[in-house]
Amino acid sequence: PAVGTEALGLMIEQLASVGARSWETWECPAPMLPFWPGKRQATRVVDLARSPSDRWADIRRSYHALIHKAQREYEIVVGATDALGRGYIAAHRAAGGSRASGTYAWQLEWLKNGLGLVACAFEKGARPETYPTPVAASYAIVDRLWAYYASGPATVKNVQHALQWELMQALAERGVRSYELGYLPENPTPKEKSIAVFKRGFGGQDWFYAVRKESIG
């Protein structure tokens with residue numbers, strides 16, 4: 001559900017270009033899901049069709065102060081410009097992220113094609129023409145009524161809460177109705193437990209999917 005036909009076609013084409021042989025597809029929940037013999041997966045989805053006040057009320061109360069604090073202390077910018085995309089890449093690298101250069105190129109291409117949205121937190125006074133490396137950034141893949149939280153690097157703690165809130169606001173204004181915060185493993189590591197707690201703090205519901213593997217080409 002994270003992406004539609006246009007985005008999915010582009011991503012499969014890009015995967016094939018680097019030699020990928022298969023990919024996993026997550027099927028929507030169905031009555032037969034409890035009897036699915038293969039892999040099952042949970043993900044967290046926020047309903048952006050609800051009013052901003054209702055969505056704010058759903059957010060964990062401890063997050064409210066963190067969001068307000070980050071909004072006061074940092075310049076938060078949301079958009080799909082190349083400058084913000086490169087800011088996200090710089091933030092990812094600064095946070096110790098390791099990713100093939102081709103993947104970064106794809107992410108910039110998705111922004112260019114209207115299939116992505118980025119939120120960046122800069123030190124106060126940052127100007128669009130001379131954006132420094134953000135202290136935190138968040139990248140969402142967007143396709144029509146659905147968006148998927150892909151990545152959120154940060155070098156400063158407790159800023160991602162505000163980025164997620166601002167990103168959800170911007171997505172809702174663009175007509176996106178569902179925001180998928182993503183993967184919730186059945187047997188999480190301590191780090192994955194922490195990430196799951198973070199995701200569930202923004203409200204929404206757990207959705208469950210049957211997963212199957214398909215060949216490329």
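Keep in mind that what you see is a predicted model, and the values were worked out from it rather than measured.

Caption draft 1: Looking closely at the overall build of the protein chain. Helix and strand counts for the protein chain stand at 7 helices and 8 strands. Total accessible area computed for the protein chain in this model is approximately 11,400 Å², and 52% of it derives from carbon and sulfur atoms.

Caption draft 2: Expanded view of the pattern of salt bridges. For the structure shown, the criterion picks out 6 salt bridges. Arginine 44 is the salt-bridge partner of aspartate 206, the closest N and O atoms lying 2.7 Å from each other. Of the two residues, aspartate 206 sits in strand β8 (residues 205–215) while arginine 44 sits in strand β2 (residues 39–47), which places them 162 residues apart along the sequence. Overall, the relative accessible area of 11% leaves arginine 44 in the buried class.

Caption draft 3: Spatial organisation of the confidence of the model for the protein chain. Of the residues in the protein chain, 77% have a pLDDT of 70 or more, and the chain-wide mean is 83. Counting contacts from residues 27–36, a segment whose pLDDT is below 50, to residues more than four positions away or on other chains yields 16 contacts.

Caption draft 4: Highlighting helix α6 (residues 160–173). With 14 residues, α6 should reach 20 Å at 1.5 Å per residue; the first-to-last C-alpha distance of 20 Å fits that figure. Of all 14 residues making up α6, 11 are buried, and the element is well covered by its neighbours. Count one or two residues on from α6 and you reach glycine 175, which has phi positive near 95°.

How each quantity is defined
- Residues numbered from 1 in each chain as written.
- Predicted model: local features only at pLDDT ≥ 70, side-chain atom pairs only at ≥ 80, totals over all residues.
- Heavy atoms only, no water.
- Helix = DSSP H or I, 4+ residues; strand = E, 2+ residues; numbered from the N terminus.
- Areas by Shrake-Rupley, 256 points an atom, 1.4 Å probe, with all protein chains shown as cover.
- Salt bridge = Lys/Arg side-chain N within 4 Å of Asp/Glu carboxyl O.
- Buried < 20%, exposed > 50% of the residue type's maximum accessible area, 1.4 Å probe, protein only.
- pLDDT = per-residue confidence, 0-100.
- Contact = heavy atoms within 4.5 Å.
- Expected span 1.5 Å × (residues − 1).

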